[in-house]
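A look at the structure
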Amino acid sequence: MGGIVGIYGFSKEWRMARFVYYALLALQHRGQENCGIVTFNGESLSQYKGSGLVDQVFSNQNILDELPGWIGIGSVTSTIEKDSSKIQPVVVWEPLPLALCFDGKILNIKDLVEKEKVNGENEAEILAKIFSLELEQTGNPMEAMVNFMGKIKGAYSLIVLTGKGEMIVGRDPAGIKPLTIGSFGFDYGVVASESCVMDVIGADFKNDVQPGEVYHFDAYSIERKQVLKPNPKFCAFEYVYYARPDSILNGKSIYEVRMKIGEKLAEEHSVNKGEIVLGVPETAIPFAMAYSNKTKTPLGIGFVQTGRRIRSAIKPTEFERIVGVQLKLNPIRAAIAGKKIVLVDDSVVRGTTTKNTVNIMRNRMGAKEVHVRIGSPRLIAQCPFGTDVPPKDELIAVHLNAEEVSKVVGADTFHWLSLKGLVEAIGIPRKNLCLGCFTGKYPQINCKER
Ligand code: SF4
């Protein structure tokens, strides 16, 4: 799981590291374990990477000052890397120097290692070495990307920065992972996992990079090519949980989708005579707003987030998950005491967070009743495409139905959104969505069709 950005400045006056830094701050929710920036200054690649949040790793101005150049790429990731040289963007020097970052999962990585005779400690390093070989053989970045995407199978959005200052960008033909493109002025010079980056750094959002599409940027031109036949299977979980509400992905505003999810929840599972609707920050707030509008139940603010923003479902250890839950929610007693609460949340993974929240509301804050409504369908399977979903065994929805979950988490009633409700809320035909972690059925990924 990660977020990527690439910014191509068409004037050598630009100091791009600073822009990439702010872009990574905007993508921090997509990965909180590592981050890195690589820049190009006309002569060579410069890099700085580390483990931690973006503002911890790039903790002072000097670090950004030592990344010269008008082209920069960067990434945030959620996987733990012991060796900082393996943090993305990964830089390889042979046969040709380049940096690569990507979001996703490569399904045929073992075959690639064997066939291409490369090795590496992680997928990014292996991909970077393969691309470097392709670039050496073809001498042409666009051609190298065409060959490269013909070989790799999986879900990916990726950015390559060559040692000659060319930036090449590609998205897999299923478009499972998001990738958007924007511009400064007339030139399309910014690519990022989510469109919110464009707002943050003052660029104009233009479009999604389409499934199977490639962009090549150099000092003189931008070239676009449909390299692989598109077969969209956009990740539905982005709409429910991962993406920021100020992003537009695959032509759909995340905020509007989340408002529709709230309406669907109200249509499917409204609570009779609920007294107040409380959304669990931050993802479920639009769900709760729309639920409140639809059911004419007053909306309240039930929680204040304390400390640094932590996405408890994607932190890797049990200890960090517990700390994450505690940091995430500080309930407001006056909004809760003595009331029949409709508690709206985005998803239930293990049930730990929901149980903790219901327990606090009922036993410490004096709620009269707590009715839980979840803005996603039952999460019953892992993601093979690189999204951090815990092992199937640990998913509460695999083992229990709604009534049983209600008892386990201590709620009066509990309901998930239906799959149909989610698809209607997203507004993209079901055949063009990946719903694998909700159904256990995954799209077939075939990258070789052109
Ligand atoms: S399996 Fe789930 S998280 Fe993974 S791509 Fe499909 S919908 Fe998204």
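Position numbers for residues start from 1 in each chain and track the written sequence from start to end. A pLDDT threshold of at least 70 governs which residues receive local features in this predicted model, and a stricter bar of 80 or more applies before side-chain atom pairs are shown or counted, although totals over entire chains, interfaces and linings include all residues.

With that settled, the discussion passes to the overall build of the protein. Going along the chain from the N terminus, every DSSP run of H or I of four or more residues is numbered as a helix, and every run of E of two or more is numbered as a strand. Helix and strand content of the protein: 17 helices and 24 strands. For a compact globule the rule gives 2.2 Å times the number of residues to the power 0.38, and the radius of gyration it is set against comes from C-alpha atoms. A compact globule built from 450 residues should have a C-alpha radius of gyration of about 22 Å, and the protein, at 22 Å, falls within 12% of that. Reported as C-alpha extents along the three principal axes, the dimensions of the protein are approximately 70 × 45 × 40 Å. Our contact criterion uses C-beta atoms placed from the backbone: two residues qualify when those atoms are within 7 Å. For the protein, restricting intrachain contacts to residue pairs at least 6 apart in sequence, the fraction spanning at least 24 positions comes to 70%.

Further remarks concern the environment of leucine 98. Note that leucine 98 resides in strand E6 (residues 98-106). Considered as a pair, leucine 98 and serine 132 are 34 residues apart in the sequence and their alpha carbons are 6.9 Å apart. Not counting residues up to four positions away in its chain, the partners in contact with leucine 98 are Val92, Ala128, Phe131, Ser132, Leu135, Val160, Leu161, Thr162 and Gly163.

As a further point, take unusual backbone geometry. With omega at -5 degrees, the peptide bond leading from glutamine 88 into proline 89 counts as cis. Positionally, proline 89 belongs in the loop between strand E4 (71-77) and strand E5 (90-92). A cis amide bond links glutamate 94 with the next residue in sequence, proline 95, at an omega value of -10 degrees. Positionally, proline 95 belongs in the loop between E5 and E6. Here the phi dihedral of asparagine 250 falls at roughly 55 degrees; this positive angle occurs in a residue that is not glycine.

Of all 9 residues in E6, 8 are buried, a share of seventy percent or more. Following E5, the chain reverses through 5 residues before pairing antiparallel with E6. Only strands that DSSP links by at least two bridges are regarded as paired with each other. Pairing geometry for E6 and strand E7 (residues 154-162), over 9 bridges, is antiparallel. Bridge pairing links leucine 100 to valine 160 in E7. A residue is called partly exposed when the number of other C-beta atoms within 10 Å of its own lies between 12 and 20, exposed at 12 or fewer, and buried at 20 or more, with C-beta atoms placed from the backbone.

Further remarks concern the domain arrangement of the protein. What fixes the domain bounds is an automatic or database domain assignment. Domains assigned within the protein are domain 1 (2-232) and domain 2 (253-428). The centre of domain 1, based on its C-alpha atoms, is set 34 Å off from the matching centre of domain 2. Every contact between the two is made by 10 residues of domain 1 and, on the other side, 7 residues of domain 2. Here the element with the most residues in the side of domain 1 that touches domain 2 is E6; it accounts for 3 residues. Residues are grouped as follows: Ala, Val, Leu, Ile, Met, Phe, Trp, Tyr, Cys and Pro are nonpolar; Asp, Glu, Lys and Arg are charged; all remaining types, including Gly, are polar. Considering only residue class, the side of domain 1 that touches domain 2 consists of 4 nonpolar, 4 polar and 2 charged.

This part covers the site of the ligand. By definition, a residue lies near a molecule or strand provided its backbone-derived C-beta atom is within 6 Å of it. The local shell around the ligand consists of Ile176, Cys235, Ala236, Phe237, Cys383, Phe385, Thr387, Cys434, Leu435, Gly436 and Cys437. If you list the elements that add at least two residues to the shell around the ligand, you get helix H8 (236-242) and helix H17 (436-439). Across the shell around the ligand, the residue classes break down as 9 nonpolar, 2 polar and no charged.

Sheet strands line up and pair through hydrogen bonds in the backbone, either parallel or antiparallel. Here we have 5 strands laid out as an open sheet, ordered E18-E17-E21-E22-E23, and parallel in their pairing. At either margin of the open sheet sits one strand with a lone partner, and together these are strand E18 (299-300) and strand E23 (413-416). When strand E21 (residues 340-345) meets strand E22 (residues 369-374), the two strands line up parallel, connected through 6 bridges. Directly across from isoleucine 341, in E22, lies its bridge partner valine 370. Note on geometry: axes are lines fitted to C-alpha atoms, helical ones only across the stretch in contact, with angles between N-to-C directions running from 0 to 180 degrees. Running over the sheet, helix H10 (residues 285-295) touches strand E17 (276-279), E18, E21 and E22 and is turned about 160 degrees from E17. Strand contacts of helix H15 (residues 402-409): E22 and E23, with the helix running at about 130 degrees to E23, the strand carrying the most contacts.

Now for the pairing of strand E9 (residues 180-184). The buried count for E9 comes to 4 of 5 residues, which makes it a mostly enclosed element. Strand direction decides the pairing type here: E9 and strand E11 (residues 204-208), joined by 4 bridges, are antiparallel. Following the sheet pairing, glycine 182 is matched in E11 by phenylalanine 205.

Let us look at the nonpolar core. Counting residues in each nonpolar core, the largest one holds 146 residues, and the members touching the most others are Val5, Val20, Ala23, Leu100 and Leu161. Residue assignment places this core across two domains, with domain 1 (2-232) and domain 2 (253-428) each supplying three or more. In this structure, valine 20 is in contact with Val5, Ile7, Ile37, Gly72, Ile73 and Gly74, ignoring residues within four places of it in sequence. A set of buried residues qualifies as a nonpolar core if it consists of Ala, Val, Leu, Ile, Met, Phe, Trp, Tyr and Cys joined through C-beta atoms within 7 Å.

Another aspect to go through is H15. Think of an α-helix as 3.6 residues a turn; residues three or four steps apart then line up on the same face. Buried within H15 are the following residues: Val405, Ser406 and Val409. Buried residues in H15, looked at end-on, bunch into an arc of 105 degrees, giving them a common side. Among the exposed residues of H15, those pointing more than 90 degrees away from its buried face are Glu403, Glu404 and Lys407. The first or second residue beyond H15 is glycine 410, which carries a positive phi of 80 degrees. Along the arc lie the directions from the helix axis toward the C-beta atoms.

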